[in-house]
Amino acid sequence: MEQFDTALIGGGPVGYIAAIRCAQLGKKTALIENRDLGGTCLNRGCIPTKALLHTAELYSEIKNHGKDMGLLAEGIGFDYAALAARKDAVISRLRRGIEALVKGRKITLIRGSAAFSGPRTLRVSGTEPETALNGGEITIEAANIIIASGSEPASIPVPGADLPVVLNSDAVLSLTRAPESAVIIGGGVIGIEFATLLNSLGKKVTIIEMLPQILNGMDQSICEGMTKILTRRGVEIHTAAKLLEIAQGSGTKTGAICAYEEGGAKKEASGEIVIMAVGRRPVSKTLNLAAAGIAENRGFITVDERLATNVPGIYAIGDVTGKVQLAHVASAQGLVAAAAIAAGADVHKAPKMDYGIIPACVYTSPEIAAVGKTETQVKEAGLPYKTGIFPAAGNGRSLIMNSTEGFVKIITHAETGEILGAHIMASRATDLIGEIALAMKAEATVEELADTIHAHPTVNEMIMEAAHDVEGLCCHKV
Ligand SMILES: Cc1cc2nc3c(=O)[nH]c(=O)nc-3n(C[C@H](O)[C@H](O)[C@H](O)COP(=O)(O)OP(=O)(O)OC[C@H]3O[C@@H](n4cnc5c(N)ncnc54)[C@H](O)[C@@H]3O)c2cc1C
């Protein structure tokens, strides 16, 4: 039986990062992965969606606004198969990079599926004949085991949810032809990104969302702003709408018909495909957690602030912990777990996870990004607060980029000037949010943000303007 200091189950964005950090800290490390390194994020999530969205946005921009910007691109079209191939090429290149990093750190990569056979032992069975295990089974022993098995698409138990015309995010990202129309079940981040993709490519999109608004949980200004933008672009949005049934179309109605209830009335929406975007469930059933006595809650593994489970020496990180299902949070958890393992008996001195300052991004057009509390949360907490808002329409760079929809909104503590949250809907919002996250981490006040000289003309200037607006001192706003 081969022995390791640390063994990781899962080579997603959290597993491989934690493995690298464990190896950097001098641990003999094994990384077990049963699919492709990079996990959901690289192969079926963050990267493929953004690769597709990038081209779709370029296409839409040139098609709809090229002429206004002096571009003569007549007869512009797209080749979805080529777009999908480019997405795959981006993934492959990044995956090769991860493989090289893992190899370079002398981490033992074991291709196969791991399950606990005891609190220190894992049985790994090969998934394919060509894997390192050659289809066989091995047992490894490790002083510390980190579970990073991630999550998979969830579904809802309505009749017809298992029809072939109903696709989850994995299946949508494998398409080599764009559907002419889609009904998207779920108006959360994944659903809204798929809506943006298909809408930008000129396809018909209907969203059915059970909650009263799309992007629920984000600041009200963002939910309302994006609803207006998508609706104006032709996306049909039904909120407070409950999916009842999915049926395969027949005769002239090909594709799928979704029956749903809205405002007490039964309605129908049809599309060539149905995209099920109703959240993700943990991958933990196959791990035989009971063999090690690991506590879980509906499949999500219970962890403390250093990602330790109830069993000494066993940690869990990433989506399988059910904390915040974002790749960058997962990676941060991986570093905390690795530091806790390396600290040994001094573990109480090791850093803890801080979930207070987490940027969250949605790759719509314009982009959305947020960090900290929403205005509703600040109100509910009873904090005295002020807000500063600057519209994209007043920003020179946004106008140059033909992206004048949106705003930067900053929420601050009325007495201390502490930045409590920021909510951005603007071109490059996903890059802008880093500045505010850093300011919050460094405990900078809104005055310091306002006093920081920002380059001109940049979209970042909107942050400075919104910071000035908190005190009513924004020069570019009446
Ligand atoms: C469509 C989509 C878009 C997304 N976009 C973003 C985004 O823009 N930004 C963002 O931050 N997040 C995004 N996410 C979320 C992000 O992908 C996840 O939060 C992230 O991948 C979680 O990382 P993880 O390592 O915990 O799990 P995963 O990435 O799921 O990786 C887990 C790995 O473990 C392997 N595994 C599981 N069980 C075993 C076993 N028994 N033995 C061996 N290997 C095993 C799996 O095959 C997988 O490779 C998106 C997700 C989706 C679905």
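Counting starts from 1 at the beginning of each chain's written sequence and moves along it residue by residue. Given that this is a predicted model, residues contribute local features only at a pLDDT of at least 70 and side-chain atom pairs are listed and counted only at 80 or more, while totals for whole chains, interfaces and linings are drawn from all residues. Remark: hydrogens and water are excluded; side-chain values derive from all non-hydrogen atoms of the structure.

J.: Looking at this structure, how should I read the overall build of the protein chain?
T.: Counting its regular elements, the protein chain contains 13 helices and 24 strands. The globule rule used for comparison is 2.2 Å times the number of residues to the exponent 0.38, while the radius of gyration itself is calculated over C-alpha atoms. Whereas a compact globule of 478 residues would reach a radius of gyration of roughly 23 Å, the protein chain reaches 24 Å, a difference of no more than 12%. Projected onto its principal axes, the C-alpha positions of the protein chain cover 70 × 65 × 50 Å. The buried label goes to any residue with under 20% of its type's maximum accessible area, the exposed label to any with over 50%, and the partly exposed label to all in between, with areas taken from a 1.4 Å probe on protein chains only. Buried residues in the protein chain amount to 51% of all 478 residues. By sequence separation, contacts in the protein chain at least 24 residues apart represent 62% of the contacts at least 6 residues apart. Of the accessible surface of the protein chain, which amounts to about 21,900 Å², a share of 53% is contributed by carbon and sulfur atoms. Averaging the coordinates of the 45 positive side-chain charges in the protein chain and doing the same for the 51 negative ones gives two points 4 Å apart. Numbering of helices and strands runs from the N terminus, with a helix taken as a DSSP run of H or I at least four residues long and a strand as a DSSP run of E at least two residues long. Any two residues whose heavy atoms approach within 4.5 Å are treated as being in contact. Shrake-Rupley sampling with a 1.4 Å probe provides the accessible areas, and residues are treated as covered by the protein chains on show and by no other component. In this count, Lys and Arg are taken as positive residues and Asp and Glu as negative ones, while His and the chain termini are left out. One atom stands in for each charge, and that atom is NZ of Lys, CZ of Arg, CG of Asp or CD of Glu.

J.: What am I meant to see in the pattern of salt bridges here?
T.: The salt bridge criterion pairs a side-chain nitrogen of Lys or Arg with a carboxyl oxygen of Asp or Glu, the two atoms within 4 Å. In total, this model carries 18 salt bridges according to the counting rule given. The partner of E193 in a salt bridge is K50, and the shortest N-O contact between them spans 2.7 Å. You can see E193 sitting in helix 6 (residues 189–200) and its partner K50 sitting in helix 3 (residues 46–65), a full 143 residues away along the chain. With a closest N to O distance of 3.9 Å, K349 and D346 form a salt bridge. For K349, a relative accessible area of 62% gives the class exposed. Salt bridges sharing partners connect three or more residues here, namely D219, E375 and K409.

J.: How do you make sense of the side chain of R280 when you look at a structure like this?
T.: Within the secondary structure layout, R280 lies in strand 16 (residues 280–282). Buried charge R280 goes without a salt bridge, the closest partner of opposite sign being D319 at 4.2 Å. Here a polar contact means two N or O atoms within 3.5 Å. Within protein one must be a hydrogen donor candidate and the other an acceptor candidate, and residues neighboring in sequence count only if both atoms are side-chain atoms. A distance of 2.7 Å separates a polar atom in the side chain of R280 from the backbone oxygen of S151.

J.: Looking at this model, I keep getting lost on the nonpolar core. Mind explaining?
T.: When a protein is soluble and globular, its nonpolar side chains tend to lie buried together. Nonpolar cores were defined as sets of buried Ala, Val, Leu, Ile, Met, Phe, Trp, Tyr and Cys residues, with membership established by side-chain atoms within 4.5 Å. Membership of the largest hydrophobic core comes to 54 residues, with the highest contact counts inside it found for F116, I146, I147 and I294. It is helix 8 (residues 327–343) that contributes the most residues to this core, seven residues altogether. Setting aside residues no more than four positions away along its own chain, I294 makes contact with F116, I147, L289, I301, T309, N310, V311 and I314. Of all hydrophobic cores here, the second largest spans 39 residues; its members include A56, Y59, I192 and F407.

J.: Even after reading the chapter, I still don't get helix 13 (residues 461–469), so can you show me in this structure?
T.: At 3.6 residues per turn, the α-helix brings residues three or four places apart onto the same side. By the criterion of burial, helix 13 is predominantly enclosed, with eight of the nine residues buried. Along helix 13, the residues that are buried comprise E461, M462, I463, M464, E465, A466, A467 and D469.

J.: Just checking my understanding: could you explain the sheet that holds strand 20 (residues 360–362) for this structure?
T.: As a general point, the strands of a sheet are linked pairwise by backbone hydrogen bonds and lie either parallel or antiparallel. Only strands joined by at least two bridges in the DSSP assignment are considered to pair. Across the sheet, which stays open at both edges, the five strands sit in the order 20-21-24-23-22 with antiparallel pairing between neighbours. Two strands close off the open sheet at either side, each with one partner strand: strand 20 and strand 22 (385–391). In this sheet, adjacent strand axes meet at a mean angle of 10° when their direction is disregarded. The pairing of strand 22 with strand 23 (residues 407–413) spans seven bridges and is classified as antiparallel. Each bridged residue has a counterpart across the sheet, and for F390 the counterpart in strand 23 is V408. Where helix 7 (residues 220–232) meets the sheet, its contacts fall on strand 21 (367–372), strand 23 and strand 24 (419–426), and the angle it forms with strand 24 comes to roughly 5°. What counts as an axis is a line fitted to C-alpha atoms, over the stretch in contact for a helix, and the angles between N-to-C directions run from 0 to 180 degrees.

J.: Mind showing me how you'd approach the site of the ligand here?
T.: Neighbouring residues are identified by heavy atoms, a residue being near a molecule or strand if any of them is within 4 Å of it. With respect to spatial proximity, 38 residues lie near the ligand, and among them V14, E33, T40, K50 and A327 are the closest. Measuring from an oxygen atom of the ligand, one finds a side-chain N or O atom of D319 at 2.9 Å. Between A327 and the ligand, the recorded distance is 2.8 Å, taken from a backbone N or O atom to an oxygen atom. Relative to its unbound accessible surface of 1,000 Å², the ligand loses 94% to contact with the protein. Among the elements of the structure, strand 2 (29–33), helix 2 (39–44), helix 3, strand 4 (113–116) and helix 8 are those that each provide at least two residues to the shell around the ligand. Considering each element in turn, the shell around the ligand owes the most residues, four residues, to helix 2. Residues are grouped as follows: nonpolar covers Ala, Val, Leu, Ile, Met, Phe, Trp, Tyr, Cys and Pro; charged covers Asp, Glu, Lys and Arg; every other residue, Gly included, is treated as polar. Broken down by class, the residue content of the shell around the ligand amounts to 14 nonpolar, 17 polar and seven charged.

J.: Would you mind going over the packing of aromatic side chains with me for this structure?
T.: Each aromatic ring pair is described using two quantities: the centre-to-centre distance and the angle formed by the ring planes. Two rings from Phe, Tyr or Trp (for Trp, the six-membered ring) form a pair when their centres sit within 6.5 Å of each other. Planes less than 30 degrees apart are called stacked, planes more than 60 degrees apart edge-to-face, and all others tilted. This structure, assessed with the given rule, holds one aromatic pair. Considering the side-chain rings of Y59 and F78, the 5.0 Å spacing of their centres and the 80° angle between planes classify their relative orientation as edge-to-face. Taken together, the residues Y59 in helix 3 and F78 in the loop between helix 3 and helix 4 (80–104) connect sequence positions 19 residues apart. Residue class for F78 comes out partly exposed when judged on its relative accessible area of 29%. Here, a charge over a ring is recorded when the distance from Lys NZ or Arg CZ to the ring centre is within 6 Å and its angle to the ring normal is within 35 degrees. Above the face of the F4 ring, K28 is positioned so that its terminal group lies 4.9 Å from the ring centre.

J.: How do you make sense of the pairing of strand 1 (residues 2–9) when you look at a structure like this?
T.: Side-chain direction in a regular strand flips from residue to residue, so the side chains alternate between the two faces of the sheet. Direction of pairing for strand 1 relative to strand 6 (residues 137–147): parallel, over a ladder of seven bridges. Residue pairing across strands places E2 opposite I140, the latter belonging to strand 6. Where strand 1 and strand 2 come together, four bridges link them in parallel fashion. Residue pairing for strand 2: T6 is matched across the bridge by T29.

J.: Sorry if this is basic, but what is going on with the sheet that holds strand 9 (residues 181–185) here?
T.: Within the open sheet, the five strands sit side by side as 8-15-9-10-11. Their pairing is parallel. The two strands at the open ends of the sheet, each matched to only one other strand, are strand 8 (166–167) and strand 11 (236–238). On the sheet, helix 6 packs against strand 9, strand 10 (204–208) and strand 15 (273–276) and is oriented at approximately 165° with respect to strand 10.

J.: Got a minute to help me understand helix 8 in this structure?
T.: Working rule for helices: expected span equals 1.5 Å times residues minus one. Its 17 residues give helix 8 an end-to-end C-alpha distance of 24 Å, which sits within 8% of 24 Å, the value for a rise of 1.5 Å per residue. Every buried residue of helix 8 is accounted for by A327, V329, A330, S331, Q333, G334, V336, A337, A338, A340 and I341. In this structure, the buried side of helix 8 is in contact with strand 1, helix 1 (15–24), helix 2, helix 3, strand 6 and strand 19 (314–316). Phi turns positive, to about 55°, at G344, one or two residues after helix 8.

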